[in-house]
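Architecture at a glance
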Amino acid sequence: LLLIIFSIAAIIFLFFLVIKHDYSYTYLFALGLILSGAAGNLWDRLYWHGVRDFIDFYIGKYHWPTFNIADCFILVGIGVFLWLEWKHPHTPAANK
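What comes next concerns the included structure.

Under the definition given, this model contains seven aromatic pairs. Look at Phe57 and Trp64: their rings are 6.2 Å apart centre to centre, the planes differ by 10 degrees, and that puts the pair in the stacked class. Owing to a relative accessible area of 38%, Trp64 belongs among the partly exposed residues under this scheme. Measuring from ring centre to ring centre gives 6.0 Å for Phe57 and Phe67, while their planes differ by 85 degrees; the resulting arrangement is edge-to-face. Linking Phe57 in the loop between helix 2 (25–47) and strand 1 (58–59) with Phe67 in the loop between strand 2 (62–63) and helix 3 (69–87), this pair joins segments that are ten residues apart in sequence. An aromatic cluster is defined as three or more aromatic residues linked by ring pairs; in this entry it consists of Phe57, Tyr62, Trp64 and Phe67.

Looking now at the environment of Leu82. Residue placement: Leu82 occurs in helix 3. Spatially, the C-alpha atom of Leu82 lies 17 Å from that of Val18, the residues being 64 residues apart in sequence.

Our next topic: helix 1 (residues 2–20). For an α-helix the count is 3.6 residues per turn, leaving residues at separations of three or four pointing the same way. Here helix 1 contains 19 residues, and its C-alpha end-to-end distance of 27 Å stays within 8% of the 27 Å for a straight helix at 1.5 Å per residue. All of the buried residues in helix 1 are Ile4, Ser7, Ile11, Leu14 and Leu17. On an axial view of helix 1, the arc spanned by its buried residues comes to 150 degrees, and they lie on one face. In helix 1, the exposed positions angled more than 90 degrees off the buried face are occupied by Leu2, Phe6, Ile12, Ile19 and Lys20. On its buried side, helix 1 packs onto helix 2.

Scoring rules and cut-offs
- Residues numbered from 1 in each chain as written.
- Predicted model: local features only at pLDDT ≥ 70, side-chain atom pairs only at ≥ 80, totals over all residues.
- Heavy atoms only, no water.
- Phe/Tyr/Trp six-rings, centres within 6.5 Å; stacked < 30°, edge-to-face > 60°.
- Buried < 20%, exposed > 50% of the residue type's maximum accessible area, 1.4 Å probe, protein only.
- Helix = DSSP H or I, 4+ residues; strand = E, 2+ residues; numbered from the N terminus.
- Expected span 1.5 Å × (residues − 1).
- Arc of directions from axis to C-beta.
- Contact = heavy atoms within 4.5 Å.

And the structure:
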């Protein structure tokens, strides 16, 4: 139940960011990936009563943790967002 509440709160927060702020298309793309990944995991929790992870692979003897497409969207969205923040840092506004 706590994960469902957190997912709903995250979706509302991200939706608010997309609607209320004037971001570049790349920022919107990153936020859209995070938002769709959160919505996908929320759907799994509500419909299947748990997130269905189905991508499972090995690198040599190392077993990579199982994940799903929604997790990939969240990870790539966060990566794009962090890359944008690193390449184009915001400068604080001057106090008037």
